[in-house]
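Chain by chain, the residues run as shown.
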Amino acid sequence: MNIALLLLFLVFCKGSHTSGFITNVTTRPDVLNIGSMFTFDSVIGKIAKLAITLAVEDVNSNPNILNGTKLSLKMHNTKSSDFLGIVEALQFMENDTVAIIGPQFSATAHVISHIANELQVPLLSFAATDPTLSPVQFPFFVRTTRSDLFQMTAVADLVFHYQWRDVIAIYVDDDFGRNAIASLGDKLAEKRCKISYKVPLTPTATKDEIRKALISVSTMESRILILHIYTSWGLQVLEEAQEQKMMDSGYVWIATDWFSTILDTDPSLPLVQTNNIQGVLTLRMYTPDSQLKTEFKSRWSNLTRARRLLNNTSFGLNTYGLYAYDSVLLLAQAIESFFAIGWNISFSNDTNLRELSGGKLNLDALNIFNGGRQLLKSILEVNTTGLTGPIKFDADGNLLNPAFEVINVIGTGTRTIGYWSNSSGLNVLPPEKLQMKMQTNGSNAGTQKLYSVIWPGQTTEKPRGWVFPYNGRKLRIGVPHGVSYPEFVGIKGTDFSGYCIEVFQAALNELPYGVPYKYVPFGDGIKNPENNDLLHRVQIGEFDGVVGDITITTNRTKMVDFTQPYIESGLVVVAPIRKMDSSAWAFLRPFTPMMWGVTGVFFLVVGTVVWILERRTNEDFRGPPKRQFVTIVWFSFSTLFFSQKEKTGSTLGRFVVIIWLFVVLILNSSYTASLTSILTVEQLSSPVKGIESLVTGTEPIGYQRGSFAEAYLTDELNIHHSRLVALNSPEDYEKALKKGPSAGGVAAVIDERAYMELFLSSRCGYSIVGQEFTKMGWGFAFSRDSPLAIDMSTAILKLSENGNLQKIHDKWLMKSACSVEGAKQAVDRLQLKSFWGLFLLSGIACFLALLLYVLRMVRQYYRHADSDIECSQSIERLKSFVSFVNKREQEVKSVKSSSKRRRTDNKSSNKIVRRQECSSDGLDES
């Protein structure tokens, strides 16, 4: 390659060219020279040679295509040599060639494209698939096949579809291989996958080199192998893989279209070779079925039957042969369009080459095709249909609608398991049928991506895609060795126990494969280690994973890969609490003073409104003012118990009463519920109300040493570091909380709920206050992109679904001394102290009512007792009073009336007696 580039550097000068003398001008010639260059004896070349020959014959025999002009085809065999390709390209340029079909190899195309650019001769390559051959750098290079960019996109979609993350790329180490694998890496990265190991092979790789490469691959972790090499020795790789036991169960081989090209060219491979390729997936450029294609296949079969029998060689039609045929057809239609718009075929000398004239290389004979740019434009504007389907280029110079078949090798044949297209991705339907179905049914055109696959080892179970490297080393699992909670992680010598350890081992038992591992303690067991330091050891490769009470945070996910959380645990605040005793006036607490006042006022307002609405039509609301006032108060307050005796007759009155009764119902229900809660549920109080009060306060706050709580409090909540007190164990928590902030302790401890629930299970003097202010969880950590993280996540979900995760939780973390919240929330029997205030009010009311009644009775007794009855003895007076009280009110009133009448009669009789006495006295005197 370097020699070829040096040759080009000597031949051509940088800068734009200038045309010299025109050497040949033809309006519409009878014959046009076109060239073709590829390797005749290659799998692609031998088919392309016949296809191109047939295409030229068809064009020349059809006067409607070029209107009498004939194509003169000259073929050169490059013999897989880039140097020969350069020389042959120069020979074409000496003979006034208007276009070249080829080259076959991408490496050759890179070099020849410089010549084509200089001499303005279009190159139509049906086999150079290197994605870096762009029209920007090589405007005269026209790719009449599919770019490897699309093929690698299809491969990446396959990897993503089967949920694999790492692949190994085995490729030929030239422009064709390197650039395609680079595109594959980009496409995999878009799906969060990657190439974990690259195996470049020289274009002329020997069997020994292949064996060494495969041996190195077999020691790798990934079992997804992408094979992108040449057809000439691709089967040797698979044969060697069979010998190395790399075609057994667990491996996945995805070969690019070189493999389908071999299968199409030689469908009847020997039995030995067939055994080497079982279960392989490969891609084939998709060409839709058509009548034109069917007829050509029949013609091809007839033409090659005799040749197969004579030479004992395979001449099956592959897709590159179809694209080679269409390249000639495409060129012919572009030439006709070129002539139709009035262009002529003319060549001129390149002034840049005049200084090189006279040499033996005869470089001054190279001519510039003056109509090359217009012919290139005509080529890119062609819109026709060929054997491969519609032929049309997009703005980037690629054929429209790239698509591939996904093929599975089974037995002695193959099976198409699906299709990939650039527009719709993977699907079991061909692209054109899928498009029609989507137009008919909208976007709901079916969700099935691929049919089932027979994988290497004759299994239908999808391989997991990775294994542990065969280096004899067990996984080193770091375990934090602290002093906080042995219920989660406990280490005694070589014995590892606790909730986290048992969950990890249970998850490993759910995996369909064994995992060799050993626990490695991290820390001195005297103080809690920093979890970030432990995860950093995974990042640098000292540990393969971490098992323990490790919280999943955003920053930590940048260091390692976590599994699915196996326990939820957010930060909470724990503080001392005290029990609030029930008050004798607790019945007033459901309502605030303002609520009591407004309620009382509305009772009076409603009673007054009803009195106004009813007084003119309802006798119950009439009478003396005193009686009406009592009626207003009685009616309104009696609605509290729905016991009012007064009937409302007016419509407006009933409307007001109905609304008010609804309000009273709500008030009653709310009051009853609130009072029930106050009297029956134990009331707890704490000077700390939650994280908000701690943030705004100045008291010291405790946290677990080594946890992420310290960084969260300082970075997220902006709490000054001087307020934070690091604590190691639950005993330290309790001691600091008992002391309190005034005695060198802390006002509260902030830690994760899982820890605090265990702490409070045996310490009832503390409780969680406020809400949980973060939502996080614990997970097992593994190195970045470790597939074990995904499989362990699935195993944790299985443990959760079958209930084993909860059983492990109950075994290690379920305590019964106190409730989950750490404080007793019991319903006690009600005591007198909660109600004596109510009894006192009732007693006072009864006493006052009785006292007023007695005073009233005494007053009535003295006012209405007979004045002529002299009861000088107290006992008789008491009996008389009791007899008076025992009388009905009506009797008292009747006695009162008769007494009045007697007194009136007595007074009248006394007056008559006195008058009589006075008159008798007067008579006596006279």
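Residue positions are counted from 1 within each chain, in the order its sequence is given. Reporting of local features is limited, given that this is a predicted model, to residues whose pLDDT is at least 70; pairs of side-chain atoms are given and counted only at 80 or more, and all residues count toward the totals for whole chains, interfaces and linings. The basis for every side-chain value is the complete set of non-hydrogen atoms in the structure, without hydrogens or water.

> So what exactly am I meant to see when it comes to the confidence of the model for the protein chain here?
Caution applies to low-pLDDT parts of the model: their predicted coordinates are not meant to be read in detail. Within a predicted model, pLDDT stands for the predictor's per-residue confidence, ranging from 0 to 100. Confidence in the prediction for the protein chain averages 82 pLDDT; 79% of positions are at 70 or higher. By mean pLDDT, the top-scoring element of the protein chain is strand 9 (residues 224-228) (97), and the lowest-scoring one is helix 1 (residues 2-11) (42). Per-residue pLDDT stays below 50 along residues 1-22; that stretch engages in 44 contacts with residues further than four places along the chain or on separate chains. Note on contacts: a residue pair is in contact if any heavy atoms of the two residues lie within 4.5 Å. Within the model, pLDDT remains below 50 along residues 819-830, and this stretch shows 30 contacts once partners closer than five positions in the same chain are excluded. Note on conventions: DSSP H or I runs of at least 4 residues are helices, E runs of at least 2 residues are strands, and numbering of each starts at the N terminus.

> Explain the pairing of strand 17 (residues 413-421) to me, please; I cannot follow it from the model alone.
Sheet analysis places strand 16 (residues 403-410) next to strand 17, joined by eight bridges and oriented antiparallel. Paired with valine 406 across the strands is glycine 418, a residue of strand 17. What makes two strands pair is DSSP finding at least two bridges between them. Taking the residues between adjacent antiparallel strands as the criterion, strand 16 and strand 17 are bridged by two residues, where glycine 411 takes a positive phi near 60°. Across three bridges, the pairing between strand 17 and strand 18 (residues 425-427) is antiparallel.

> What is the right way to read the packing of aromatic side chains from this model?
For any pair of aromatic rings, geometry is given as the distance between the ring centres together with the angle between the planes. Centres within 6.5 Å make a pair out of two Phe, Tyr or Trp rings, where for Trp the six-membered ring is used; the pair is then stacked when the planes are under 30 degrees apart, edge-to-face when over 60, and tilted otherwise. For the structure shown, the criterion picks out 34 aromatic pairs. Both rings, one in tryptophan 164 and one in tryptophan 455, keep their centres 5.7 Å apart while their planes meet at 75°; by these two values the pair is edge-to-face. Of this pair, tryptophan 164 sits in the loop between helix 6 (148-161) and strand 7 (166-172) while tryptophan 455 sits in the loop between helix 15 (431-441) and strand 19 (475-480), and the two are 291 residues apart along the sequence. For every residue, the accessible area (1.4 Å probe, protein chains only) is compared with the maximum for its type, and the residue is labelled buried under 20%, exposed over 50%, or partly exposed between those bounds. On the basis of relative accessible area, tryptophan 164 is assigned to the buried category, the value being 2%. Aromatic side chains tyrosine 499 and tyrosine 566 sit 6.0 Å apart centroid to centroid with 50° between the ring planes, which places their arrangement in the tilted category. Here tyrosine 566 lies in the loop between strand 24 (561-562) and strand 25 (567-568) and tyrosine 499 lies in helix 16 (residues 499-510), a separation of 67 residues in the sequence. An aromatic cluster is defined as three or more aromatic residues linked by ring pairs; in this entry it consists of Tyr485, Phe488, Phe496, Tyr499, Phe504, Tyr517, Tyr519, Tyr566, Tyr755, Trp778 and Phe780. Here, a charge over a ring means that NZ of Lys or CZ of Arg falls within 6 Å of the ring centre while also lying within 35 degrees of the ring normal. It is lysine 49 that lies over the ring of phenylalanine 40; its NZ or CZ is 4.4 Å from the centre. Stacked on the ring of tryptophan 466, the Lys or Arg arginine 464 has its end atom at 5.1 Å from the ring centre.

> Just to check I follow, could you spell out the sheet that holds strand 4 (residues 99-101) for this structure?
Backbone-to-backbone hydrogen bonds join strands into a sheet, with any given pair of strands oriented parallel or antiparallel. Strand order in the open sheet formed by five strands is 3-2-4-5-6, with parallel pairing between adjacent strands. If you trace the sheet from one side to the other, it starts and ends with strand 3 (70-77) and strand 6 (141-143), each paired once. In this sheet, neighbouring strand axes are inclined to one another by 25° on average, regardless of whether the strands run parallel or antiparallel. The pairing of strand 4 with strand 5 (residues 123-125) spans two bridges and is parallel. When the sheet's bridge partners are listed, isoleucine 101 is paired in strand 5 with leucine 124. Axes here mean lines fitted to C-alpha atoms, for a helix over just the part in contact, with angles spanning 0 to 180 degrees between N-to-C directions.

> How should a nonpolar patch on the surface be read in this particular structure?
The residues that make up patches have over 30% relative accessible area and no salt bridge, and they are joined within 9 Å when like-charged or within 5 Å when they are Val, Leu, Ile, Met, Phe, Trp or Tyr. Areas reported here follow the Shrake-Rupley algorithm with a probe of radius 1.4 Å; residue values treat only the protein chains shown as occluding. A pair is scored as a salt bridge if a Lys or Arg side-chain nitrogen falls within 4 Å of a carboxyl oxygen belonging to Asp or Glu. On the surface, a cluster of nonpolar side chains totalling about 680 Å² of accessible area is made up of Phe655, Ile658, Ile659, Phe662, Val663, Leu665 and Ile666. By secondary structure assignment, the location of valine 663 is in helix 21 (residues 651-680).

> Please clarify how the pattern of salt bridges should be interpreted in this entry.
As a working rule, side chains carrying opposite charge can pair if their charged atoms are close by. Scanning the model with the defined rule gives 23 salt bridges in all. A salt bridge links aspartate 289 to lysine 293; the nearest nitrogen and oxygen atoms lie 3.8 Å apart. Overall, the relative accessible area of 69% leaves aspartate 289 in the exposed class. A relative accessible area of 7% places lysine 293 in the buried class. Through salt bridges with shared partners, a single ionic network connects Arg165, Asp561, Arg784 and Asp785.

> Where do I start with the side chain of threonine 563 in this structure?
With respect to the helices, strands and loops of the structure, threonine 563 is situated in the loop between strand 24 and strand 25. Sequence-distant contacts of threonine 563, defined by excluding residues within four places in its chain, comprise Ile552, Gly779, Phe780, Phe782, Ala789, Met792, Ser793 and Ile796.

> Please clarify how the nonpolar core should be interpreted in this entry.
As a rule of thumb, soluble globular proteins bury nonpolar side chains together. Grouped together as the largest cluster of nonpolar side chains are 107 residues, with contacts concentrated most on Leu71, Val98, Phe126, Leu184 and Ile254. The element that contributes the greatest number of residues to this core is helix 13 (residues 319-340), accounting for 13 residues. Beyond its immediate stretch of four places on either side in the chain, isoleucine 254 contacts Val155, Leu158, Val159, Trp164, Leu225, Ile226, Leu227 and Leu281. The set of buried Ala, Val, Leu, Ile, Met, Phe, Trp, Tyr and Cys residues whose side-chain atoms join them within 4.5 Å is what this entry labels a nonpolar core. Listed in part, the 53 residues of the second largest apolar core include Tyr513, Tyr519, Phe780 and Ala795.

> Help me understand the pairing of strand 9, please; the structure alone is not making it clear to me.
The two faces of a sheet get side chains in turn, since along a regular strand they alternate between them. Most of strand 9 is tucked away: five of the five residues are buried. Alternating positions in strand 9 separate into two faces, Ile224, Ile226 and His228 on one and Leu225 and Leu227 on the other, with burial throughout. Pairing between strand 7 and strand 9: four bridges, direction parallel. Its bridge partner lying in strand 9, isoleucine 170 is registered against leucine 227. Where strand 9 meets strand 10 (residues 252-255), four bridges bridge the pair, whose relative direction is parallel. The residue of strand 10 that forms the bridge with isoleucine 226 is isoleucine 254.

> Help me understand helix 8 (residues 207-218), please; the structure alone is not making it clear to me.
Given 3.6 residues per helical turn, the α-helix brings residues three or four places apart onto the same face. A helix is expected to span 1.5 Å for every residue after the first. Compared with an ideal rise of 1.5 Å per residue, which puts 12 residues at 16 Å, helix 8 spans 16 Å between its outermost C-alpha atoms and is within 8% of the ideal. Residues Ile210, Ala213, Leu214, Val217 and Ser218 constitute the buried set of helix 8. Projected onto a plane normal to the axis of helix 8, the buried residues spread over an arc of 140° and lie on a single side. In the core, the buried residues of helix 8 are packed alongside strand 7, strand 8 (194-201), strand 9, helix 9 (234-243) and strand 10. The directions considered for the arc are those from the helix axis to the C-beta atoms.

> I keep staring at the sheet that holds strand 24 and nothing clicks. Help me out?
The strand order across the open sheet built from five strands is 22-19-23-34-24, with neighbouring strands paired in mixed fashion. Where the open sheet ends on each side, the last strands, each with one partner, are strand 22 (517-522) and strand 24. One ladder, built from six bridges, connects strand 19 with strand 22; its direction is parallel. Bridge assignment links glycine 478 to a residue of strand 22, and that residue is valine 520. With respect to the sheet, helix 16 is in contact with strand 19, strand 22 and strand 34 (781-782), its orientation differing from that of strand 22 by roughly 160°.

> How do you make sense of the packing of helix 16 against helix 27 (residues 804-813) when you look at a structure like this?
How two helices pack is summed up by the angle between their axes together with the distance between the axes. It is at 10 Å that the axes of helix 16 and helix 27 come closest, and there the two elements cross at 160°. Taken as axis vectors, helix 16 and helix 27 run roughly antiparallel relative to one another. Considering how the two elements wind past one another, helix 16 and helix 27 form a crossing that is right-handed. Residues Tyr499, Glu502, Val503 and Ala506 of helix 16 touch helix 27, and the partners they reach there are Leu805, Ile808, His809, Lys811, Trp812 and Leu813. Charged means Asp, Glu, Lys or Arg here, nonpolar means Ala, Val, Leu, Ile, Met, Phe, Trp, Tyr, Cys or Pro, and polar covers whatever is left, Gly included. Taken together, the residues that form the contact of helix 16 with helix 27 break down as seven nonpolar, one polar and two charged. Each angle receives one of four descriptions, namely roughly parallel if under 35 degrees, roughly antiparallel if over 145, roughly perpendicular if within 65 to 115, and oblique otherwise. With the far helix as reference, a near helix turned anticlockwise by less than a right angle produces a left-handed crossing, and one turned clockwise produces a right-handed crossing.

> What is the right way to look at the packing of helix 9 against helix 10 (residues 257-265) in this model?
Helix 10 packs onto helix 9 with a crossing angle of 100° between their chain directions and a minimal axis gap of 10 Å. Taken together, the axes of helix 9 and helix 10 lie roughly perpendicular to each other. Between helix 9, through Gly234, Leu235 and Leu238, and helix 10, the contact on the second element is made entirely by Trp258, Phe259 and Ile262. Broken down by class, the residue content of the contact of helix 9 with helix 10 amounts to five nonpolar, one polar and no charged.

> Explain the environment of serine 301 to me, please; I cannot follow it from the model alone.
Within the secondary structure, serine 301 is located in helix 12 (residues 291-311). Taking relative accessible area as the criterion, serine 301 reaches 27% and is therefore assigned partly exposed. When the C-alpha positions of serine 301 and phenylalanine 315 are compared, they lie 8.5 Å apart, and in sequence the two are 14 residues distant.

> Before we go on, may I ask you to explain the layout of surface pockets in this structure?
A cavity here means a set of 1 Å grid points, computed over protein atoms only, where a 1.4 Å probe fits but cannot escape. A pocket is an open set with protein on both sides within 12 Å along at least 5 of 7 lines, and lining residues have an atom within 4 Å of a point. Grid points are joined across faces, edges and corners, and a volume is the space filled by probe spheres set on the points. Roughly 690 Å³ of internal volume is contained in the largest pocket. As for the largest pocket, its lining consists of 28 residues, and the residues nearest its centre are Lys462, Pro463, Arg464, Gly465 and Asp791. Sort the elements by how many residues they give to the lining of the largest pocket and helix 26 (residues 787-802) lands first, with six residues. Taken together, the residues that form the lining of the largest pocket break down as 11 nonpolar, seven polar and 10 charged. Every residue lining the second largest pocket is counted, 28 residues in all, and those nearest its centre are Ser80, Phe105, Asp174, Tyr230 and Ser232. When residues of the lining of the second largest pocket are traced back to their parent elements, those giving at least two are helix 5 (106-119), helix 7 (175-190) and helix 10. Among the elements that line the lining of the second largest pocket, the one with the most residues is helix 7, at three residues.

> Looking at this structure, I do not really get unusual backbone geometry. What am I missing?
Across residues other than glycine, the phi torsion is negative in most instances, and most of the peptide bonds are trans. With an omega of 0°, the peptide bond between glycine 102 and proline 103 qualifies as cis. The topology assignment puts proline 103 in the loop between strand 4 and helix 5. For glutamine 120, which is not a glycine, the phi torsion comes out positive at approximately 60°. Tracing the backbone through its elements, the reader meets glutamine 120 in the loop between helix 5 and strand 5. On the basis of relative accessibility, which here comes to 6%, the residue glutamine 120 falls in the buried class. Unusually for a residue other than glycine, lysine 245 sits at a positive phi of about 60°. Within the secondary structure, lysine 245 sits in the loop between helix 9 and strand 10.

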